[in-house]
Amino acid sequence: MALLTILEFPDPRLRTKAQPVTVFDAALKQLVADMFETMYAAPGVGLAATQVNVHRQLLIMDMSEDKSDPHVLINPRLLDQGGEQVFQEGCLSFPGIYADVERALRVKVAAQDVDGKPFELEVEGPLAVCMQHEMDHLQGKVFVDYLSPLKRSMLLKKLDKKRKQSA
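This section reports on the structure supplied with the text. (Residues numbered from 1 in each chain as written. Predicted model: local features only at pLDDT ≥ 70, side-chain atom pairs only at ≥ 80, totals over all residues. Heavy atoms only, no water.)

Below, the discussion takes up the overall build of the chain. In terms of regular secondary structure, the chain is built from three helices and seven strands. Of the regular secondary structure in the chain, the N- to C-terminal order runs α-β-β-β-β-β-β-β-α-α. For 167 residues, the compact-globule formula gives about 15 Å, and the C-alpha radius of gyration of the chain, at 15 Å, lands near that figure. Dimensions of the chain, computed from the C-alpha atoms along their principal axes, are close to 45 × 40 × 30 Å. Counting all 167 residues of the chain, 46% fall into the buried class. Within the chain, counting contacts between residues at least 6 apart in sequence, those at least 24 apart form 65% of the total. A distance of 8 Å separates the average location of the 20 positive side-chain charges in the chain from that of its 23 negative side-chain charges. (Helix = DSSP H or I, 4+ residues; strand = E, 2+ residues; numbered from the N terminus. Rg over C-alpha atoms; globule rule 2.2 N^0.38 Å. Buried < 20%, exposed > 50% of the residue type's maximum accessible area, 1.4 Å probe, protein only. Contact = heavy atoms within 4.5 Å. Lys, Arg positive; Asp, Glu negative; His and termini not counted. Charge placed at Lys NZ, Arg CZ, Asp CG, Glu CD.)

Here it is, written out as structure tokens:
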């Protein structure tokens with residue numbers, strides 16, 4: 001396994017729209033394993049392939065404390081959503097930056113597993129937020145896109161300041 005490099009905003013590659021996964025092979029399984037290792041080491045709860053400069057429709061999630069609830073969604077499609085919630089989101093591509101984002105309370109998606117087998121998954125609450133956040137990455141969207149221009153500007157200035165302090 002290997003740790004992958006996570007792209008950080010404003011890297012333009014984060015805006016790339018991911019293409020469908022068409023080959024379900026050992027290389028895909030290795031990518032998934034490397035993504036989990038990278039996400040856990042970061043530490044994070046979700047990671048889209050786009051964030052590691054692989055522009056395929058693949059995302060992983062695990063919001064459990066003990067890394068016991070991993071989810072792999074390949075070629076995910078939103079089937080249904082309902083309700084709304086505001087949740088404080090962060091992102092491995094925006095280290096140390098958090099903002100309240102309004103999203104659907106529950107979502108139902110169709111996806112494939114690492115072997116290409118189709119399945120459906122319905123989740124709500126924080127896991128639904130995570131899923132929507134990671135699915136956005138596959139479309140070239142980032143969570144700050146949901147913020148007002150003023151809030152977005154303030155957060156990006158904060159991110160820039162953090163980078164200068166750590167340089």
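More follows now that the structure is in view.
Here we come to the sheet that holds strand 6 (residues 106-112). Ordered by their spatial adjacency, five strands build an open sheet running 1-2-3-6-7, and the pairing between neighbours is antiparallel. Where the open sheet ends on each side, the last strands, each with one partner, are strand 1 (46-48) and strand 7 (118-124). For this sheet, the mean inter-axis angle between neighbouring strands, taken without regard to orientation, is 40°. Sheet strands touched by helix 1 (residues 26-41): strand 1, strand 2 (58-61) and strand 3 (71-82). Its angle to strand 2, the strand with the most contacts, is close to 40°. Each of strand 1, strand 2, strand 3, strand 6 and strand 7 is contacted by helix 2 (residues 126-138), which is oriented at about 155° to strand 2, the strand it contacts most. (Pairing = 2+ DSSP bridges. Axes fitted to C-alpha atoms, helices over the stretch in contact; angles between N-to-C directions.)

Before going further, it helps to examine the environment of Lys 151. By the secondary structure assignment, Lys 151 is in helix 3 (residues 149-166). Residues Lys 151 and Leu 79 lie 72 residues apart in sequence; the distance between their C-alpha atoms is 31 Å.

Turning our attention to the packing of aromatic side chains. One pass over the full model with this rule turns up three aromatic pairs. Centroid distance Phe 94 to Phe 143: 5.2 Å. Interplanar angle 85°. Geometry classified as edge-to-face. Here the residue Phe 94 occupies a position in strand 5 (residues 94-103), and Phe 143 occupies one in the loop between helix 2 and helix 3, the gap between them amounting to 49 residues. For the pair shown, Phe 94 and Phe 143 are each scored as buried. Here a set of aromatic residues connected by ring pairs shows up, and it is made of Phe 9, Phe 94 and Phe 143. One Lys or Arg, Arg 103, reaches over the ring of Tyr 146 and ends 4.6 Å from the middle of that ring. (Phe/Tyr/Trp six-rings, centres within 6.5 Å; stacked < 30°, edge-to-face > 60°. Lys NZ or Arg CZ within 6 Å of the ring centre and 35° of its normal.)

Pro 10 follows Phe 9 through a cis peptide bond whose omega is 15°. The residue after Ala 42, namely Pro 43, is reached through a cis peptide bond having omega -10°. The topology assignment puts Pro 43 in the loop between helix 1 and strand 1. The phi dihedral of Asn 53 falls on the positive side, at around 65°, and the residue is not glycine. Residue classification places Asn 53 among the partly exposed residues on the basis of a relative accessible area of 33%. With a phi angle near 55°, Asn 75 is a residue other than glycine that sits in the positive phi range.

All right, on to the state of the cysteines then. Should the sulfur atoms of two cysteines be covalently bonded, the bond is a disulfide. Counted by the stated rule, this structure contains zero disulfides. Not engaged in a disulfide, the cysteine Cys 91 finds its nearest cysteine sulfur in Cys 130; these two sulfurs lie 10 Å apart. Since its relative accessible area comes to 7%, Cys 130 is described here as buried. (Disulfide = S-S within 2.5 Å.)

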